[in-house]
Amino acid sequence: QVQLVESGGGLVQAGGSLRLSCLASASGRVFRVNTMAWYRQAPGKQRELVAVPLTSGRTNYADSVKGRFTASSDNAKGTGYLQMNSLKPEDTAVYYCKANIAILAQGSNDYWGQGTQVTVST
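All of these numbers come straight from a predicted model, not from anything done at the bench. (Residues numbered from 1 in each chain as written. Predicted model: local features only at pLDDT ≥ 70, side-chain atom pairs only at ≥ 80, totals over all residues. Heavy atoms only, no water.)

Draft legend 1. A look at the sheet that holds strand β3 (residues 18–25). Strand order in the open sheet formed by four strands is β1-β3-β8-β7, with antiparallel pairing between adjacent strands. The open sheet has two free edges, formed respectively by β1 (3–7) and β7 (69–74), since each of these has just one partner strand. Strand-to-strand twist of the sheet, defined as the mean angle between neighbouring strand axes without regard to direction, takes the value 15°. As judged from the six bridges shared by β3 and strand β8 (residues 79–84), these two strands associate in the antiparallel manner. Among the inter-strand pairings, L20 is bridged to a residue of β8, identified as L82. (Pairing = 2+ DSSP bridges. Helix = DSSP H or I, 4+ residues; strand = E, 2+ residues; numbered from the N terminus. Axes fitted to C-alpha atoms, helices over the stretch in contact; angles between N-to-C directions.)

Right, dumping it as structure tokens:
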């Protein structure tokens, strides 16, 4: 069974920083993380894309977080990170990682983490 576990969320004042982590595991099976992206969902709103890696090697960011957020990953280790700086109250949301993972002899699928709450106070 594949699991994605996010961590690093919490309460921070506006202007502060947080670093989210996402760790993939697959119950002892051989697996490979192909891509890892970040999404968020604020109360009463639809889930939206925050950062997604492109085939070019660059990362595409939502306009609202460009210049403030940086996504990175170590696919060989099954880990991803979202560094969030200059946080604003409107960044308050549950943040999710989504990974495309290939499991040996089973093919690739997309998997979601359970989410981690980020709350930015004024």
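Draft legend 2. Summary view of the environment of R68. In this structure, R68 sits in the loop between β6 (59–61) and β7. Along the primary structure R68 and F31 are separated by 37 residues, whereas in three dimensions their C-alpha atoms are 32 Å apart. Polar side-chain contacts of R68 include one of 2.7 Å to the side chain of D91. (Polar contact = N/O pair within 3.5 Å; in protein donor to acceptor, adjacent residues only side chain to side chain.)

Draft legend 3. Here's a closer look at the pattern of salt bridges. Summed over the entire model, instances satisfying the criterion amount to five salt bridges. Among the ionic pairs, K66 bridges to D63, the shortest N-O distance being 3.1 Å. Take D63: its relative accessible area is 66%, and that puts it in the exposed class. Its salt-bridge partner being D110, residue K98 comes within 3.9 Å of it at the nearest N-O pair. (Salt bridge = Lys/Arg side-chain N within 4 Å of Asp/Glu carboxyl O. Buried < 20%, exposed > 50% of the residue type's maximum accessible area, 1.4 Å probe, protein only.)

Draft legend 4. The nonpolar core, seen in detail. By size, the foremost hydrophobic cluster in this structure holds 29 residues, and its most contacted members are L82, M84 and Y95. Looking at this core, the elements with two or more residues in it are β3, β4 (31–41), β5 (48–53), β7, β8, β9 (93–103) and β11 (116–121). Excluding residues that lie within four positions of it along the chain, Y95 makes contacts with E6, L20, Y39, R40, V50, F69, L82, M84, G115, T116 and V118. (Core = buried A, V, L, I, M, F, W, Y, C linked by side-chain atoms within 4.5 Å. Contact = heavy atoms within 4.5 Å.)

Draft legend 5. Spotlight on the packing of aromatic side chains. Across all of its chains, the model carries two aromatic pairs by this definition. Relative to W112, the ring of Y96 has its centre 6.3 Å away and its plane inclined at 85°; by these criteria the two rings are edge-to-face. Taken together, the residues Y96 in strand β9 and W112 in strand β10 (residues 107–112) connect sequence positions 16 residues apart. What makes W112 partly exposed here is its relative accessible area of 37%. Chaining the aromatic ring pairs together yields one cluster made of Y39, Y96 and W112. Residue placement shows R47 over the ring face of Y96; its charged tip is 3.7 Å from the ring centre. (Phe/Tyr/Trp six-rings, centres within 6.5 Å; stacked < 30°, edge-to-face > 60°. Lys NZ or Arg CZ within 6 Å of the ring centre and 35° of its normal.)

All we've got here are geometric facts, nothing functional implied.
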